[in-house]
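Summary of the model geometry
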Amino acid sequence: MTLTLELSPEREAALKAHAQARGMSVEEWLLELTKPTGPAAARSLQDELTPEEWVRQFNAWVEGHDRTTPPLSDEAISRESIYRDRF
């Protein structure tokens with residue numbers, strides 16, 4: 001299947017930057033995004049990828065998260081906060 005997308009120059013630049021950060025072409029990265037997800041997909045990836053490729057994809061996944069998200073407070077993750085009705 002061939003798809004044609006009309007992208008603004010800004011969106012095109014963003015796609016290229018995301019792909020480059022993962023060491024991939026835009027086409028490779030978009031194909032990666034369309035792969036199935038979930039436990040079965042993870043097991044098959046472990047079987048298909050070399051340890052080096054697994055590390056590369058894991059690092060790409062890590063880098064894909066927003067680093068400006070503030071961490072949860074100690075109160076927010078405390079046992080007392082999670083199980084209020086038990087304390």
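What you see is a predicted model; the values in this text were computed from it and never measured.

1. A short note on the pattern of salt bridges
Scanning the model with the defined rule gives four salt bridges in all. Linking Glu12 and Lys16 is a salt bridge whose minimum nitrogen-to-oxygen distance equals 3.1 Å. Taken together, the positions of Glu12 and Lys16, both in helix 1 (residues 9-21) and four residues apart, correspond to about one turn of that helix. Among the residues examined, Glu12 registers a relative accessible area of 37% and is labelled partly exposed. Between Glu32 and Lys35 there is a salt bridge whose closest N-O contact spans 3.4 Å. On the basis of relative accessible area, Glu32 is assigned to the partly exposed category, the value being 22%.

2. A word on helix 1
Between its first and last C-alpha atoms helix 1 spans 18 Å; for 13 residues at 1.5 Å apiece the expected length is 18 Å, and the two agree. Two residues or fewer after helix 1 comes Gly23, characterised by a positive phi angle close to 70 degrees.

3. Some thoughts on the packing of helix 1 against helix 2 (residues 26-33)
Across the interface, helix 1 lies against helix 2 with an axial gap of 8 Å and an inter-helix angle of 80 degrees. In terms of their interaxial angle, helix 1 and helix 2 are classed as roughly perpendicular. Between helix 1 and helix 2, the contacting residues are Leu15, Lys16, His18 and Ala19 on the first element and Val26, Trp29 and Leu30 on the second.

Calculation criteria
- Residues numbered from 1 in each chain as written.
- Predicted model: local features only at pLDDT ≥ 70, side-chain atom pairs only at ≥ 80, totals over all residues.
- Heavy atoms only, no water.
- Salt bridge = Lys/Arg side-chain N within 4 Å of Asp/Glu carboxyl O.
- Helix = DSSP H or I, 4+ residues; strand = E, 2+ residues; numbered from the N terminus.
- Buried < 20%, exposed > 50% of the residue type's maximum accessible area, 1.4 Å probe, protein only.
- Expected span 1.5 Å × (residues − 1).
- Axes fitted to C-alpha atoms, helices over the stretch in contact; angles between N-to-C directions.
- Parallel < 35°, antiparallel > 145°, perpendicular 65-115°, else oblique.
- Contact = heavy atoms within 4.5 Å.

Interpretation note: all reported values are geometric properties and have no functional meaning in isolation.
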